[in-house]
Amino acid sequence: MKLSTLFLALALSTSAAASVNCDIYLVASDVDGRHDLTEKVLSQFEAKGYRISRIEKPSDIQDQGKVSYMSVFSDIHPLIGARTTIDLVDLYVEENTVTSKTQSKIAISKKPLFGSAAKSVLKAVEKSIPSCLQ
């Protein structure tokens, strides 16, 4: 019983992770964040095979069919440590109308006792990036 439950959970998580497009739009990031850390987070996505196109707002997307976009906010604070929040949104667009939408969020915050908080967050981001569907 436990084995079948574990297998089902693994199958569901694999199918959910595989639904993200490799071509993904990046909505303009929040201006209060640390752009250098955000760029490093984005390079982690590109290293996993994502192709990122920058747009100002989701309404700028002209593609039809299955479309994915994301927004990233990263910051470093002396008391909190380093943190990043990545919002991934999958849309299905027909004739400029969104027919379905799924959203997932990756929120990581690290304040290690030793070492760099930014490096710690980047390692955690690398492990949590979903595989893309080519």
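This is a predicted model, so every value here is computed, not measured.

> Now, about a positive patch on the surface: what can you tell me, with residues and values included?
Residues Lys40, Lys110, Lys119, Lys123 and Lys127 make up a contiguous surface patch of positive charge. In this structure, Lys127 sits in helix α3 (residues 117-128). According to the relative accessible area criterion, Lys127 is exposed, its value standing at 74%.

> Report on the environment of Ile55, specifying residues and quantitative values.
By the element assignment, Ile55 lies in strand β3 (residues 51-55). Linking Ile55 and Tyr69, residues 14 residues apart in sequence, is a C-alpha distance of 9.3 Å. Apart from the residues within four sequence positions on either side, Ile55 is in contact with Tyr25, Leu26, Val27, Ala28, Asp60 and Ile61.

> Residue-level account of the confidence of the model for the protein chain, with values.
On average, the protein chain scores 81 in pLDDT, and the residues at 70 or more come to 82%. Confidence, read as mean pLDDT per element, is least for helix α1 (residues 2-17) in the protein chain (36) and greatest for α3 (93). Between residues 1-18, whose pLDDT stays under 50, and residues either more than four places distant or in other chains, the model counts five contacts.

> Before we move on, could you go through the pattern of salt bridges and cite the residues and values that matter?
Here the idea is simple: oppositely charged side chains can pair when their charged atoms come close. One pass over the full model with this rule turns up six salt bridges. In this structure, the salt-bridge partner of Glu39 is Arg54, at a minimum N-O distance of 3.1 Å. Remark: Arg54 occurs in strand β3 and Glu39 occurs in helix α2 (residues 35-47); sequence separation between them is 15 residues. Relative accessible area serves as the criterion here: at 55%, Arg54 is assigned to the exposed category. One salt bridge in this structure joins Lys57 and Asp60, with 3.3 Å as the shortest N-O distance.

Criteria and thresholds
- Residues numbered from 1 in each chain as written.
- Predicted model: local features only at pLDDT ≥ 70, side-chain atom pairs only at ≥ 80, totals over all residues.
- Heavy atoms only, no water.
- Patch = residues over 30% accessible without salt bridge, like charges linked within 9 Å, V, L, I, M, F, W, Y side chains within 5 Å.
- Areas by Shrake-Rupley, 256 points an atom, 1.4 Å probe, with all protein chains shown as cover.
- Salt bridge = Lys/Arg side-chain N within 4 Å of Asp/Glu carboxyl O.
- Lys, Arg positive; Asp, Glu negative; His and termini not counted.
- Charge placed at Lys NZ, Arg CZ, Asp CG, Glu CD.
- Helix = DSSP H or I, 4+ residues; strand = E, 2+ residues; numbered from the N terminus.
- Buried < 20%, exposed > 50% of the residue type's maximum accessible area, 1.4 Å probe, protein only.
- Contact = heavy atoms within 4.5 Å.
- pLDDT = per-residue confidence, 0-100.

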